[in-house]
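# Geometric and topological summary
If you want the building blocks of each chain, they are given just below.
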Amino acid sequence: MASKVLTEQPVPAVPIQQDPDVLAAATRMAGEDLCSIADLSSAEVRATMKLGHDVKRNPRDYRHALDAKQMVLMFEKASLRTRLAFEAGINTMGGNAIFVDQTSSPLGERETIADVARNLERWVDVIVLRTYAHDTITEMAANSRVPVINALSDFEHPCQALADFMTIEEHFGTAKGLNFTYVGDGNNVCHSLMLTGAQLGTNVTVATPRSYSPDIEIVTKAREIAEANRCEIRLLQDPQAAVEGADAVYTDVCVSMGFEHELTKRQPIFRPFQVNEALMARASSRAVFMHCLPARRGEEVTDAVIDSLQSIVFDQAENRLHAQKALLLLLLGGLANVAAFSEQ
Ligand code: CP
Ligand code: NVA
């Protein structure tokens, strides 16, 4: 069953090219890396999503924004959404993508990561990495003069969180003040969602089995950000209590890539955390169901929920394209090539 049609984001009162948040973000972010979503300020996260909504509404305006820009994607893990959204995204803005499959030869094995960075920066304008170790991303960023983007590490998935909160904004008009609940493994996706929720003033509740709670460093950082934005980060072990009154219920697989060997150990631990119709019934009557995908149907979520009218999973997947285009525009200085912006 198709998910319901989203509420169109209202056309902003201030034209996007005059929006002070977007202009400030474009100036500060040009040439920078995105290793963690916390590399961006709250205002920059809002600006990136505002630009994402505009890119979605007016794709033709950005057709030549990244003319001739070269993007390399080096992926140690499989990908459908992230890879395709980046490739389609840069291609539709005049640039080009080069994909390097690192699944059978991890980065740093043939030569040092620093040496790879010092080569890549001579040829390409942006490096997009999907890795096992988060350190691989930060090390590449430390040694490269061109922006490095985290396309998923064992610690974070910032591009996912941008698209997810863009989808929430489309659906509810704003993410501020909403109650967002994540149920399942306190993993990379959970980490980036906690930080992004805090940056946008969303109350984030996370329910995990006791030994699978999110990383303490992320929790501390998310709580600091949340305090500044007057929202709350709660950690629970009871999925029923966690979804009570939630506006959005989100889950992810219990075995992320690299943890498949733990499946039989984890399955019984995560069974009570499955998002099924009984659990969704405890959420708000207007609640949406969210998942980064790929889903292990019948495990962390039932078909009845993921295929229901409450599910907005494919809207999230679509918004990977628009959010990642906005991110590329900001990190590569692309707005300078968009007529409406350069006339300012
Ligand atoms: N959600 C997500 O990142 O999907 P892929 O693993 O297919 O890129
Ligand atoms: N947590 C999952 C997300 C996949 C998009 C993983 O890391 O495999």
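Read on for an overview of the structure. (Residues numbered from 1 in each chain as written. Chains lettered and ligands numbered in written order. Predicted model: local features only at pLDDT ≥ 70, side-chain atom pairs only at ≥ 80, totals over all residues. Heavy atoms only, no water.)

By nearness alone, every residue bordering ligand 1 is listed as Ser79, Leu80, Arg81, Thr82, Arg130, His157, Gln160, Cys292, Leu293 and Arg320. Interatomic distance of 2.7 Å between a side-chain N/O atom of Thr82 and an oxygen atom of ligand 1. For ligand 1, an oxygen atom lies 2.8 Å from a polar atom in the side chain of Arg130. Considered on its own, ligand 1 offers 260 Å² of accessible surface; in the complex 95% of this is hidden by protein. (Near = heavy atom within 4 Å. Polar contact = N/O pair within 3.5 Å; in protein donor to acceptor, adjacent residues only side chain to side chain. Areas by Shrake-Rupley, 256 points an atom, 1.4 Å probe, with all protein chains shown as cover.)

All right, on to the site of ligand 2 then. The local shell around ligand 2 consists of Leu152, Asn187, Asn188, Val189, Asp252, Ser256, Met257 and Leu293. In this structure, Asp252 approaches ligand 2 through a side-chain N or O atom, which is 2.6 Å from a nitrogen atom. Contact with the protein chains removes 95% of the 270 Å² of surface that ligand 2 exposes when unbound.

The next point concerns the packing of aromatic side chains. On inspection of all chains with the given rule, the structure shows 6 aromatic pairs. Aromatic pair Phe75 and Phe99: ring centres 5.5 Å apart, planes at 70 degrees, arrangement edge-to-face. With Phe75 in strand E1 (residues 70-75) and Phe99 in strand E2 (residues 96-101), the pair connects residues that are 24 residues apart, well separated along the chain. Taking the relative accessible area as the measure of exposure, Phe75 reaches 1% and is therefore buried. Chaining the aromatic ring pairs together yields one cluster made of Phe165, Phe180, Tyr182 and Tyr250. The lysine or arginine in question, Lys77, covers the ring of Tyr132, its NZ or CZ lying 4.7 Å from the ring centre. Above the face of the Phe99 ring, Arg83 is positioned so that its terminal group lies 3.5 Å from the ring centre. (Phe/Tyr/Trp six-rings, centres within 6.5 Å; stacked < 30°, edge-to-face > 60°. Helix = DSSP H or I, 4+ residues; strand = E, 2+ residues; numbered from the N terminus. Buried < 20%, exposed > 50% of the residue type's maximum accessible area, 1.4 Å probe, protein only. Lys NZ or Arg CZ within 6 Å of the ring centre and 35° of its normal.)

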